[in-house]
Amino acid sequence: MTPTVKAMELLDPLRQALDQVRATVASHRNFDPAKANLTFAIACTDYLQAAVVKPLVVELRTRAPGVRVAIRNLDAPQLEAQMARGDVDLALMTPQAASPSLRTRHLFDERYVLIGRRKHPRLRDGITVAEFAELEQVIVSLDGGSFVTPLDSALAALGHKRNVVLSAASFLFVPEIVSHSDFVALVPERLVRDSADQLEVMDCPFPVEGFAVGMVWHERNHGHVGQRWIREAVVSLVAHQSSPQARNNPD
């Protein structure tokens, strides 16, 4: 068999294309974070942006300065389609809320704590449920405008209804308004771990169910060496945050 003229014309472009494929495969197999150029999109709530993504980005500037991070607001119903298109590489969320077709990995279990400003006149250790319910409170309604959350069901089971005066659309707004008023709030603990100089942080006076936080990603990105390295960086960061030394010395 002898190649046609058309086949000979295609030979050089095909060779160049195959060389590019080989180079790409080799670079993925030999990922060097210090030299890598990669854009990585993470979707999560504002609480996890502050608790996990912010310290991750700071760490990446040292270990992988060529990695750019794009932060997107979490849209759980659209997440699978976003990941299939490549719009989102990783989501931080409650794993149970993710589509069964997506890969998940548990990161940590979160709990709620009660916060108020320093020297709040009515906030003290041993506060009763009845005293807590009377305090002016801030809640977060991600959908907007609601003055009731699942936490109120637990309180109602004890025969109490809390005095909610402000419904916020963002977790990040809550510590700021609480630190400058007599409002109190129940918030995820990691959100206020570094705020002891501005806030009183104490256990909730009644049992409140926490929630799990995990990573979610698409099968299309599972074997990508660079993305796998970033996922492991997230796991390492969270493990460090959860250690007793990190809790006692957040810096």
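Everything here concerns the structure above.
Values in this document were obtained by computation on a predicted structure and should not be read as measured data.

(A) Geometry of the sheet that holds strand E10 (residues 211–217). One open sheet accounts for five strands, arranged E2-E1-E3-E10-E4; its pairing is mixed. Of all the strands in the sheet, the pair left with one neighbour each is strand E2 (67–73) and strand E4 (103–110). Neighbouring strand axes in the sheet, compared pairwise and without regard to direction, differ in orientation by 20° on average. By the bridge criterion, two bridges tie strand E1 (residues 38–44) to strand E3 (residues 90–93) in an arrangement that is parallel. For Ala43, the partnering residue across the bridge sits in E3 and is Ala91. Of the strands in this sheet, E1, E2, E3, E4 and E10 are in contact with helix H2 (residues 46–63), which crosses E2 at around 175°. Packing of helix H7 (residues 225–242) onto the sheet brings it into contact with E1, E2, E3, E4 and E10, and relative to E4 it is tilted by some 15°.

(B) Region of the structure containing the environment of Val164. By secondary structure assignment, the location of Val164 is in strand E7 (residues 163–168). Judged by relative accessible area, which is 18%, Val164 ranks as buried. On a C-alpha basis, the gap between Val164 and Ala185 in space is 9.3 Å, while along the polypeptide they are 21 residues apart. In contact with Val164, other than residues within four places in its own chain, are Gln137, Ile139 and Phe147.

(C) Inspection of the environment of Val129 at higher detail. Locating Val129 in the fold gives a position in helix H4 (residues 129–134). Excluding its chain neighbours within four sequence positions, the residues that come into contact with Val129 are Leu155, Leu158, His160, Pro205 and Phe206.

(D) Highlighting the packing of aromatic side chains. On inspection of all chains with the given rule, the structure shows five aromatic pairs. Between Tyr47 and Phe211, the aromatic rings sit 6.1 Å apart at their centres with planes inclined by 80°, giving edge-to-face as the arrangement. With Tyr47 in helix H2 and Phe211 in strand E10, this residue pair connects regions lying 164 residues apart in the sequence. What links up through ring pairs into an aromatic cluster is the set Tyr47, Tyr112, Phe171 and Phe211. Geometry around Phe108 places Arg190 over its ring, the cationic atom sitting 3.8 Å from the centre.

(E) Main features of the sheet that holds strand E9 (residues 199–203). In space, the five strands of this open sheet follow the order E7-E6-E8-E5-E9, with mixed pairing throughout. With one partner strand each, in any of the chains shown, E7 and E9 form the two edges of the open sheet. Taken over all neighbouring pairs, the strand axes of this sheet differ in orientation by 35° on average, direction set aside. Relative to strand E8 (residues 184–188), strand E6 (residues 136–140) is paired through two bridges, and the arrangement is parallel. Across the sheet, the residue bridging to Val138 is Ala185, located in E8.

(F) Representation of the pattern of salt bridges within the structure. By the definition in use, this model includes eleven salt bridges. Across the pair Arg85 and Asp87 runs a salt bridge whose closest N-O atoms are separated by 2.8 Å. Taking the shortest distance from any N to any O, the salt bridge between Arg117 and Asp182 comes out at 2.8 Å. Taken as a pair, Arg117 in strand E5 (residues 112–117) and Asp182 in the loop between helix H6 (173–179) and E8 lie far apart in primary sequence, 65 residues in all. Arg117 gets classed as partly exposed once you look at its relative accessible area, which sits at 23%. In this structure, a network of salt bridges that share partners links the residues Arg111, Glu189 and Asp203.

Rules and cut-offs
- Residues numbered from 1 in each chain as written.
- Predicted model: local features only at pLDDT ≥ 70, side-chain atom pairs only at ≥ 80, totals over all residues.
- Heavy atoms only, no water.
- Pairing = 2+ DSSP bridges.
- Helix = DSSP H or I, 4+ residues; strand = E, 2+ residues; numbered from the N terminus.
- Axes fitted to C-alpha atoms, helices over the stretch in contact; angles between N-to-C directions.
- Contact = heavy atoms within 4.5 Å.
- Buried < 20%, exposed > 50% of the residue type's maximum accessible area, 1.4 Å probe, protein only.
- Phe/Tyr/Trp six-rings, centres within 6.5 Å; stacked < 30°, edge-to-face > 60°.
- Lys NZ or Arg CZ within 6 Å of the ring centre and 35° of its normal.
- Salt bridge = Lys/Arg side-chain N within 4 Å of Asp/Glu carboxyl O.

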